Amino acid sequence: GDSVTQMEGPVTLSEEAFLTINCTYTATGYPSLFWYVQYPGEGLQLLLKATKADDKGSNKGFEATYRKETTSFHLEKGSVQVSDSAVYFCALSDRDNAGKSTFGDGTTLTVKP
Amino acid sequence: GAVVSQHPSRVICKSGTSVKIECRSLDFQATTMFWYRQFPKQSLMLMATSNEGSKATYEQGVEKDKFLINHASLTLSTLTVTSAHPEDSSFYICSAPLAGEFETQYFGPGTRLLVL
């Protein structure tokens, strides 16, 4: 079945540091890949997505590139802010599996001033 | 953008009672909705797929008689936790894709259930 493996957290960075959260996946079909962000006590918000190989998703300074050859979708940001502190989930959605989403375990990011 | 709401946002109930959680797509129609539960500091686990006009499809290990799902209209799915017990305490989240766009899920804000 489909699975998503995320870099374990928690991750603690100083403001303006560079962020990388690794994500790799296995899927039987041709999935779309996503990063979601969850702030304390809230639901998930879509951060960015990529629907095919070599696509780059980007939003709010975050980027991730769909790498089929390495089955990866690593999240990066050049300069994090305190407001970026949240839990980040990598996920895939497989069209061949009725659009069901499979999530990684989540990575907690804390950015200190 | 597409908006999904959930009600209530938070509920506390006594053990043995039933709790209904609503999931609504506010500005689009959703023939399919998904229900997830999330334990503290853990990921989302898919519980079931709610299908408008037909029976829900449950994931392995999820008791369909315990978690009743009704997809009454193209904008509303309900999850009823029957005879709730403390171990059912969790964060329940629904999602819905736009018609013809299964790749992207729009998530509700979640419902936190605490069973005493």
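These lines cover the structure that appears in this document, whether it is placed above or below. (Residues numbered from 1 in each chain as written. Chains lettered and ligands numbered in written order. Predicted model: local features only at pLDDT ≥ 70, side-chain atom pairs only at ≥ 80, totals over all residues. Heavy atoms only, no water.)

Residues and elements named next belong to chain A. Trp35, Leu48, Phe73, Leu75 and Tyr88 are the most contacted members of the largest nonpolar core, which has 25 residues in total. Contributing elements (two or more residues each) for this core: strand E2 (11-14), strand E3 (19-21), strand E4 (23-26), strand E5 (32-38), strand E6 (44-50), strand E8 (62-65), strand E10 (86-93) and strand E12 (107-112). Top element by residues in this core is E10. It accounts for 4 residues. Once you skip the residues sitting within four places of it in the chain, Phe73 turns out to touch Cys23, Leu33, Phe34, Trp35, Leu48, Lys49, Ala50, Ala64, Thr65, Tyr66 and Cys90. (Core = buried A, V, L, I, M, F, W, Y, C linked by side-chain atoms within 4.5 Å. Buried < 20%, exposed > 50% of the residue type's maximum accessible area, 1.4 Å probe, protein only. Helix = DSSP H or I, 4+ residues; strand = E, 2+ residues; numbered from the N terminus. Contact = heavy atoms within 4.5 Å.)

In this section: the layout of surface pockets. Approximately 470 Å³ is the volume found for the largest pocket. Around the largest pocket sit 20 residues that line it, and Gln38(A), Val87(A), Gln38(B), Lys41(B) and Gln42(B) are the ones nearest its centre. It is E10(A) that contributes the most residues to the lining of the largest pocket, 3 residues altogether. Of the residues in the lining of the largest pocket, the class split is 9 nonpolar, 7 polar and 4 charged. When its volume is computed, the second largest pocket comes out at roughly 270 Å³. Taken together, 14 residues line the second largest pocket, and the ones lying closest to its centre are Ser101(A), Thr102(A), Met45(B), Leu46(B) and Glu59(B). Those elements giving two or more residues to the lining of the second largest pocket turn out to be strand E11 (101-103) of chain A together with strand E5 (44-51) of chain B. Per-class residue counts for the lining of the second largest pocket are 5 nonpolar, 5 polar and 4 charged. (1 Å grid on protein atoms, 1.4 Å probe; cavity = no way out; pocket = protein on both sides within 12 Å on 5 of 7 lines; lining within 4 Å. Points joined across faces, edges and corners; volume = space filled by probe spheres on them. Nonpolar A, V, L, I, M, F, W, Y, C, P; charged D, E, K, R; others polar.)

On to the pairing of strand E7 (residues 67-73) of chain B. All names here are of chain B. Bridge count for E7 against strand E8 (residues 76-81) is 5 bridges, and the pairing is antiparallel. Residue Ser73 lies in a different strand from E8, and its bridge partner there is Leu76. Where E7 folds back onto E8 in an antiparallel hairpin, the turn is made up of 2 residues. (Pairing = 2+ DSSP bridges.)

This brings us to the state of the cysteines. For the coordinates displayed, the defined rule picks out 2 disulfides over all chains. Note that Cys23(A) is cross-linked by a disulfide to Cys90(A), the S-S spacing being 1.9 Å. On the sign convention where negative is left-handed, the bridge of Cys23(A) and Cys90(A), at about -70° about the S-S bond, is left-handed. In this pair, Cys23(A) is assigned in strand E4 and Cys90(A) in strand E10, connecting sequence segments 67 residues apart. The same class applies to Cys23(A) as to Cys90(A), namely buried. A disulfide bridge connects Cys23(B) with Cys94(B), and the sulfur atoms are separated by 2.0 Å. As the torsion about the S-S bond is roughly 85°, the Cys23(B)-Cys94(B) disulfide counts as right-handed. Pair noted here: Cys23(B) is in strand E3 (residues 19-25) and Cys94(B) is in strand E9 (residues 90-98), with a separation of 71 residues, a long-range link. For the pair shown, Cys23(B) and Cys94(B) are each scored as buried. No disulfide involves Cys13(B); its sulfur sits 19 Å from the nearest other cysteine sulfur, which is in Cys94(B). (Disulfide = S-S within 2.5 Å.)

Okay, the interface of chain A and chain B next. Every contact between the two is made by 20 residues of chain A and, on the other side, 20 residues of chain B. Here chain A packs against chain B, burying approximately 1500 Å² in sum over the two surfaces, 53% of which is carbon and sulfur. Ranking the residues of chain A by area buried against chain B places Leu44(A), Lys100(A) and Phe103(A) at the top, with a combined share of 30%. On inspection of chain A and its partner chain B, the count reaches 0 salt bridges. Where chain A meets chain B, there are 3 residue pairs in polar contact (both at pLDDT 80 or more). Elements with a contribution of two residues or more to the side of chain A that touches chain B: E5, E6, E10 and E11 of chain A. Among the elements that line the side of chain A that touches chain B, the one with the most residues is E5(A), at 4 residues. Along the lines of polarity and charge, the residues of the side of chain A that touches chain B split into 7 nonpolar, 8 polar and 5 charged. (Buried area = accessible area lost by both parts, 1.4 Å probe. Salt bridge = Lys/Arg side-chain N within 4 Å of Asp/Glu carboxyl O. Polar contact = N/O pair within 3.5 Å; in protein donor to acceptor, adjacent residues only side chain to side chain.)

Any functional reading would require information that these geometric values do not contain.
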